[in-house]
Amino acid sequence: MGGEATARVANGRADVRTPRDWAAARATHDGAPGRAARRPLGFDAARWLRALTGVDEELLARVRYERSKYTALGGVVLGTSVIAAFSMWNFATEALGKVSLVAVVPTVIWMLFVLNLDRWLVTPQPNARRRVGPLLMRLLIALMLGTVIAEPLVLRIFQTAIEENVADERTDSIDQLRTNLVRCNPVPSTTRTVTPEGCERTYILSFGETPGERAEELTALRSDTAAVQKRVDRDTTRLESMDSEVRDECRRLIRTAATGLYQRTSECLRLRDKAQDYRTTHRTDEDEKRLALMNSRISKIEAEQTVSRGAFLQTRAEGIEARLDEERAKQKEIGVLERMRALDQLATGSPVLFVGIWLVRLLFILLDVLPVLVKYLSGESTYDRMLTTASNSAVTIHDEEVRIATRRAMGSLEIAQDAIEQDVRRHRAESEAALREHTAAMNIRVRQAVNALEDEIRRSSAV
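Note that the coordinates shown come from a computational prediction; the quantities given were computed from them, not determined experimentally.

Q: Explain a negative patch on the surface to me, please; I cannot follow it from the model alone.
A: A cluster of acidic residues, Glu-164, Asp-168, Asp-172 and Asp-175, forms a negative patch on the protein surface. With respect to the helices, strands and loops of the structure, Asp-168 is situated in helix 7 (residues 159–184).

Q: Explain the nonpolar core here, please?
A: Grouped burial of nonpolar side chains is what soluble globular proteins tend to show. Residues Trp-110, Ile-149, Val-154, Phe-158, Ile-162 and Leu-343 are the most contacted members of the largest nonpolar core, which totals 27 residues. With sequence-adjacent residues up to four places away left out, Val-154 is seen in contact with Leu-343, Ile-357, Val-360, Arg-361 and Phe-364. If you look at the next biggest cluster of nonpolar residues, it comprises 12 residues, including Leu-59, Leu-60, Leu-73 and Val-77.

Q: I'm lost on the packing of helix 4 (residues 67–96) against helix 5 (residues 104–122) in this one. Help?
A: Each pair of packed helices can be described by the angle between their axes along with the distance between the axes. Relative orientation of the contacting elements helix 4 and helix 5 amounts to 150°, with a least axis distance of 8 Å. Classed by the angle they form, the pair helix 4 and helix 5 counts as roughly antiparallel. Crossing angle aside, the handedness with which helix 4 passes helix 5 is right-handed. Listed contacts from helix 5 to Leu-73, Val-77, Leu-78, Thr-80, Ser-81, Val-82, Ala-84, Ala-85, Met-88, Trp-89 and Ala-92 of helix 4 are Val-104, Pro-106, Thr-107, Trp-110, Met-111, Val-114, Leu-115, Asp-118, Arg-119 and Val-122. Along the lines of polarity and charge, the residues of the contact of helix 4 with helix 5 split into 16 nonpolar, three polar and two charged.

Q: For this particular structure, what's the right way to read helix 9 (residues 266–282)?
A: Note: α-helices contain 3.6 residues per turn, so residues at a spacing of three or four share the same orientation. Taking 1.5 Å of rise per residue, the 17 residues of helix 9 would be expected to cover 24 Å, and the 24 Å separating its terminal C-alpha atoms lies within 8% of that figure. Along helix 9, the positions that sit buried rather than exposed are Cys-268, Leu-271, Ala-275 and Tyr-278. An end-on view of helix 9 places all buried positions within 90° of arc, on one side of the element. Among the exposed residues of helix 9, those oriented more than 90 degrees off its buried face are Ser-266, Asp-273, Thr-280 and Thr-281. The positive-phi residue at the C-terminal boundary of helix 9 is Arg-283, with phi of around 50°.

Q: Help me understand the packing of helix 4 against helix 12 (residues 351–377), please; the structure alone is not making it clear to me.
A: At a minimum axis distance of 8 Å, the contact between helix 4 and helix 12 shows a crossing angle of 160°. In terms of axis orientation, helix 4 runs roughly antiparallel to helix 12. Classified by chirality, the crossing of helix 12 by helix 4 is left-handed. On helix 12, the residues that touch Tyr-70, Leu-73, Val-76, Val-77, Thr-80 and Ile-83 of helix 4 are Leu-367, Asp-368, Leu-370, Pro-371, Val-374 and Lys-375.

Q: Would you mind going over a nonpolar patch on the surface with me for this structure?
A: On the surface, Phe-354, Val-355, Trp-358, Leu-359 and Leu-362 cluster together to form a nonpolar patch covering roughly 490 Å² of accessible area. Phe-354 sits in the partly exposed class, given a relative accessible area of 41%.

Q: In this structure, what is going on with helix 13 (residues 382–462)? I would like to understand it.
A: Between its terminal C-alpha atoms helix 13 stretches 118 Å, which fits the 120 Å expected from 81 residues at 1.5 Å a residue. Among all positions of helix 13, only Tyr-383, Asp-384, Leu-387, Thr-388, Ser-393 and Ile-397 are buried.

Q: What should I look at first to understand the pattern of salt bridges in this one?
A: Pairs can form between side chains of opposite charge whenever their charged atoms are close. For the coordinates displayed, the defined rule picks out eight salt bridges. Between Arg-178 and Glu-321 there is a salt bridge, and its shortest N-O distance comes to 3.1 Å. Here Arg-178, found in helix 7, pairs with Glu-321, found in helix 10 (residues 284–330); they are 143 residues apart in sequence, far enough to count as distant. Given a relative accessible area of 30%, Arg-178 falls into the partly exposed group. We note a salt bridge from Glu-456 to Arg-459, for which the minimum N-O separation is 2.4 Å. Within this pair, Glu-456 and its partner Arg-459 are both found in helix 13, separated by three residues, close to a single helical turn. Each of Arg-47, Arg-50 and Glu-57 takes part in a single network of salt bridges with overlapping partners.

What counts, and where the lines are drawn
Residues numbered from 1 in each chain as written. Predicted model: local features only at pLDDT ≥ 70, side-chain atom pairs only at ≥ 80, totals over all residues. Heavy atoms only, no water. Patch = residues over 30% accessible without salt bridge, like charges linked within 9 Å, V, L, I, M, F, W, Y side chains within 5 Å. Areas by Shrake-Rupley, 256 points an atom, 1.4 Å probe, with all protein chains shown as cover. Salt bridge = Lys/Arg side-chain N within 4 Å of Asp/Glu carboxyl O. Lys, Arg positive; Asp, Glu negative; His and termini not counted. Charge placed at Lys NZ, Arg CZ, Asp CG, Glu CD. Helix = DSSP H or I, 4+ residues; strand = E, 2+ residues; numbered from the N terminus. Core = buried A, V, L, I, M, F, W, Y, C linked by side-chain atoms within 4.5 Å. Buried < 20%, exposed > 50% of the residue type's maximum accessible area, 1.4 Å probe, protein only. Contact = heavy atoms within 4.5 Å. Axes fitted to C-alpha atoms, helices over the stretch in contact; angles between N-to-C directions. Parallel < 35°, antiparallel > 145°, perpendicular 65-115°, else oblique. Left-handed = near helix turned anticlockwise from the far one by under 90°. Nonpolar A, V, L, I, M, F, W, Y, C, P; charged D, E, K, R; others polar. Expected span 1.5 Å × (residues − 1). Arc of directions from axis to C-beta.

What follows is the structure, encoded as structure tokens:
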């Protein structure tokens, strides 16, 4: 097999051993100290760390100077899984809103998953340089995994700034809601109050009674009172003018020639009758009484409006506080999506903070990709070349074993086929011999019958 394996046949069966098997057998036979398969007693931390890289300890024992390299690589894999566990712990606690033992379950699962995935990514593969596609795929997986792990850690680092930003946003949201509720629920001045522009149904509150229900009545009553007041003022002014003329005219007295007494003039009597007739015709007394009643009613309605307005304002304030309490109840704990949005807003508003956030993200992504980078950027090691050689040898040995098995099977088939052909030929010869014996016996019988018949004919002729 060209030095790759040695085969010997014993009892009709091939015994195939690899060069590693023969070297181990020679080391055992010669009493060499430290077999390749020897395992140290007790707990070996370095061995456990190397186990995280997927190396073969028996093969690595042949190149002991590379153990430290794979021990360090195992430490990098373990560190990456610890960082992933811390990231998941932060993510779970933020999603739950508190520190809870429930967060331990996803943390442990995520740590084991990342640990096993990184172990698969850094496990030495034979013929690694020839397979660029799997290498790129592993780097892409490591990059995506690092991005997922880095985000919760970035949120944790900028937690204070994020919480302050979210608190300010929530305060602004509450203030904006209060402003919209006050603007969209003004004190109604009429029963047909128009909803302000831009007010949605979510900002409209419902009220049992509003001050606008008697506003129209009060407006109409004030209009009538103003008209009556204007008429009363006009009539009062006219009556005062007429009474002044009556007083001025009635101060003058004239002596009656017949009686010698003083009496008022006829003009005084005329003006007095005129004033009385104006007062009777225009009903100024009734208008004044009506005006007094109307003013009293206006005062009563205004007092009721004041009470209704106060009740409306109190009811509106209670409704607004209830809506604000509902909004505050929705803002219990800061969720992950809210934190990510706040972080994005902070990064957008400050170029320096934007650069800092991305530097931290790239740092954690680099830490998560580090196992793959360390593995594949360090070049091909002696262990990798030995692994490739052992893999190729195993493939060669397997191919030879398959060929031997194929030949053995083909030989068995040929032997069976020869046995079958021999059986067929034997059966054919036996059949032909039996046929010949049967033919000879039949010929003998026919000959005997012919002889007997001829004898019988001769006897008959002789007689």
